[in-house]
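Reading the structure
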Number of protein chains: 2
Amino acid sequence: MSAPWITYRPEIKVLDATIRDGGLINDHQFDDRFVRAVYDTCIQAGIDYMEIGYKTSQKVAAPTKFGPWKSCSEDDLRRIIGEKSPAVKIAVMADAGGKTDYKTDILPKDQSIIDTVRVACYIHQIPEAVDMIKDAADKGYEATCNLMAISTVHEAEIAQALEVVATTPASTVVVVDSFGSLYQEQIRSLVHQYRTALEGTGKEIGIHAHNNQQLAFANTIEAIIHGANRIDATMGGLGRGAGNCPMELLLGFLRNPKFHLRPVWQLIQDHVVGLRREMEWGALAPYIITGQLNQHPRTAIAWLGSDQRDRCADFFDRCIAEV
Amino acid sequence: MSAPWITYRPEIKVLDATIRDGGLINDHQFDDRFVRAVYDTCIQAGIDYMEIGYKTSQKVAAPTKFGPWKSCSEDDLRRIIGEKSPAVKIAVMADAGGKTDYKTDILPKDQSIIDTVRVACYIHQIPEAVDMIKDAADKGYEATCNLMAISTVHEAEIAQALEVVATTPASTVVVVDSFGSLYQEQIRSLVHQYRTALEGTGKEIGIHAHNNQQLAFANTIEAIIHGANRIDATMGGLGRGAGNCPMELLLGFLRNPKFHLRPVWQLIQDHVVGLRREMEWGALAPYIITGQLNQHPRTAIAWLGSDQRDRCADFFDRCIAEV
């Protein structure tokens, strides 16, 4: 067999989103031991970034309801990270839509352990996202733009958004398949659109895939082949709904010797297997159905929480009726 | 979004391998009710073929150990199928390697309810497989050649095998990723190799993918894009080890209006959800590991049957030591 993947691209950087995306399942209530284990695993595995949580305003997300990783403070971060490794950058996600008091809650970089602010927005929130990206960059952070739910957005609108984002100091623009509904050909087409729109800006393309149709890993490979250099994955695929591209698959595919797979298996053995007894994620039937129909997974999450959870044909009928 | 998949290829035919491949988990002990439900679902869903089991010699597979779908007799088949629908062809698998008494156990077509004999072989069994294909075709059946475990075979050897198979009356040659170890680029390359080698013979290319790396569906899509027209899938992905390409994903992707997705969800709701309590399949950690290492899943199956089953890092160490 020929092996076109036998070489590697040194430009590729991997981001672990386990705590941030997984936190959407359990209201960000991970215990410190697990969060620290993920951080240590990132160091050992050669992972470039760890995205640890959100910077959501506590006016929006009451700390009585949510764990520390919803609005992660410097104290939270330092408690986990201790002496910071130069090998792993710390990223947080900042949602647009009035959810983040970014002017006050994101401190100047020299007062923070955070390296990277990932600004997440829907297409109609681009103007606010641009302000947030500029604010983060002005404060000394690397900033990125994660344009969500693009499977529901027309190409021409994506083009307009990219034209605006191209003028910002964002280092990376991430292709985000929020609903896990995209096929490889669509990922390829989006990566090419992003690359063309951002040509000459020095910006990298990222990929953040969801696993509704068991395509998160395949779509991540597809994005890599077509030039994405910023890759999101999570340990055991842990993440909201169907979950994300599993780190253990991604690192098995990447041939860069700086990445090490074994620490990821150790983390899964020591922690993720146990978490599966408390939390549910993966390409379960209702998530497949919302993915196929290009719908938000929230109805599937609710269905799986009901006593109807195994009645996937009934769920299919219900979703089809809403199309 | 552009939609290159909005059209469909009428040449594509789908084969359901649920009972045949799933039988490798439970020694082919499915009850008649489930087998009949799969058959009825194939009719309702517009599926072209149902592969119901093996034609293994009862000298090799004692009927005291194995259920009827290991050596399926005409009586077994007729008991399930009753009045045969013209819409769904019945396929059986016949293993080379001295496992099938094909000369006696495969009856002349006019005495059988079977339409298609799928001859499965490893590369070194090609001469016997050729005899089996000819025997089946001479008796009036459609015959196919399923060359297994090609991820461990050099391209030049595959080329030699295809040169021989090209001279047989096989209607289809199936790309079989037995270990679930192939990436999309490798599937593409294999499909092109098969197409080139079989050009002008009128033979179709098939795809049979395993899900160790969560790539069974993605690799099936890749094969379709590059010209495979004979597609294997199973209900709920049911199949040995990590399982197969899930029918509910495949039919959601295919745009041919002759295929209907809802009956598949009904079958999953009524039967497959329950089977999950008795049988285990899917991209569990040990299956990922054997897939990544291009190894047969038998060690992973054994590991999952032991009290070490959740110790995936230990299993990784053990598999690496054997490479």
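Above this note sits the structure.
First, a word on what this report is: a plain description of the structure on this page.

1. Observations concerning the packing of helix α6 (residues 155-165) of chain A against helix α7 (residues 184-198) of chain A
Residues and elements named next belong to chain A. Across the interface, α6 lies against α7 with an axial gap of 10 Å and an inter-helix angle of 35°. The two elements α6 and α7 cross, and the hand of that crossing is right-handed. Where α6 abuts α7, its residues Glu155, Ile158, Ala159 and Leu162 lie against Leu190, Gln193, Tyr194, Ala197 and Leu198. The residue inventory of the contact of α6 with α7, partitioned by class, reads seven nonpolar, one polar and one charged.

2. Looking at the packing of aromatic side chains
In this structure the tally under the stated criterion is 10 aromatic pairs over all chains. Ring plane angle 75° and centroid distance 6.2 Å describe the contact between Tyr183(A) and Phe217(B), whose orientation is recorded as edge-to-face. Taken together, the residues Tyr183(A) in the loop between β6 (172-177) and α7 and Phe217(B) in helix α8 (residues 216-225) connect one chain to another. Neither residue differs from the other here; Tyr183(A) and Phe217(B) are each classed as buried. Sitting over the ring of Tyr54(A), Lys70(A) keeps its end group 5.1 Å from the ring centre.

3. Things to note about helix α10 (residues 262-275) of chain B
In this model, α10(B) (14 residues) spans 19 Å end to end at C-alpha, consistent with the 20 Å of a helix rising 1.5 Å per residue. Its maximal kink placed at Ile268(B), α10(B) deviates by approximately 45°. The buried fraction of α10(B) amounts to 10 of the 14 residues, a majority that puts the element mostly inside the structure. Turning to α10(B), its buried residues are Pro263(B), Val264(B), Trp265(B), Leu267(B), Ile268(B), Gln269(B), His271(B), Val272(B), Val273(B) and Leu275(B). If you follow the buried residues of α10(B), they end up packed against α11 (285-292) and α13 (312-322) of chain A together with α2 (32-45) and α9 (247-253) of chain B.

4. What to know about unusual backbone geometry
Although it is not a glycine, Ala149(A) sits at a positive phi angle of roughly 55°. Secondary-structure assignment places Ala149(A) in the loop between β5 (142-147) and α6.

5. Observations concerning the pairing of β6(A)
Across a regular strand the side chains alternate sides, sitting on one face of the sheet and then on the other. Residue and element names in this part refer to chain A. Taking burial as the measure, the six residues of β6 include six buried ones, the bulk of the element. Burial along β6 is two-sided: the face carrying Thr172, Val174 and Val176 and the face carrying Val173, Val175 and Asp177 are both buried. Relative to β6, β5 runs parallel, the two being bridged by four bridges. Residue pairing across strands places Thr144 opposite Thr172, the latter belonging to β6. Crossover handedness for the path β5 to α6 to β6: right-handed. In terms of strand pairing, β6 meets strand β7 (residues 204-209) through six bridges, oriented parallel. Each residue of the ladder has a partner; that of Asp177, found in β7, is Ala209.

Parameters at a glance
- Residues numbered from 1 in each chain as written.
- Chains lettered and ligands numbered in written order.
- Predicted model: local features only at pLDDT ≥ 70, side-chain atom pairs only at ≥ 80, totals over all residues.
- Heavy atoms only, no water.
- Axes fitted to C-alpha atoms, helices over the stretch in contact; angles between N-to-C directions.
- Helix = DSSP H or I, 4+ residues; strand = E, 2+ residues; numbered from the N terminus.
- Left-handed = near helix turned anticlockwise from the far one by under 90°.
- Contact = heavy atoms within 4.5 Å.
- Nonpolar A, V, L, I, M, F, W, Y, C, P; charged D, E, K, R; others polar.
- Phe/Tyr/Trp six-rings, centres within 6.5 Å; stacked < 30°, edge-to-face > 60°.
- Buried < 20%, exposed > 50% of the residue type's maximum accessible area, 1.4 Å probe, protein only.
- Lys NZ or Arg CZ within 6 Å of the ring centre and 35° of its normal.
- Expected span 1.5 Å × (residues − 1).
- Bend = angle between axes of the 7 residues up to and from the residue.
- Pairing = 2+ DSSP bridges.
- Right-handed = clockwise from strand over helix to strand, strands pointing away.

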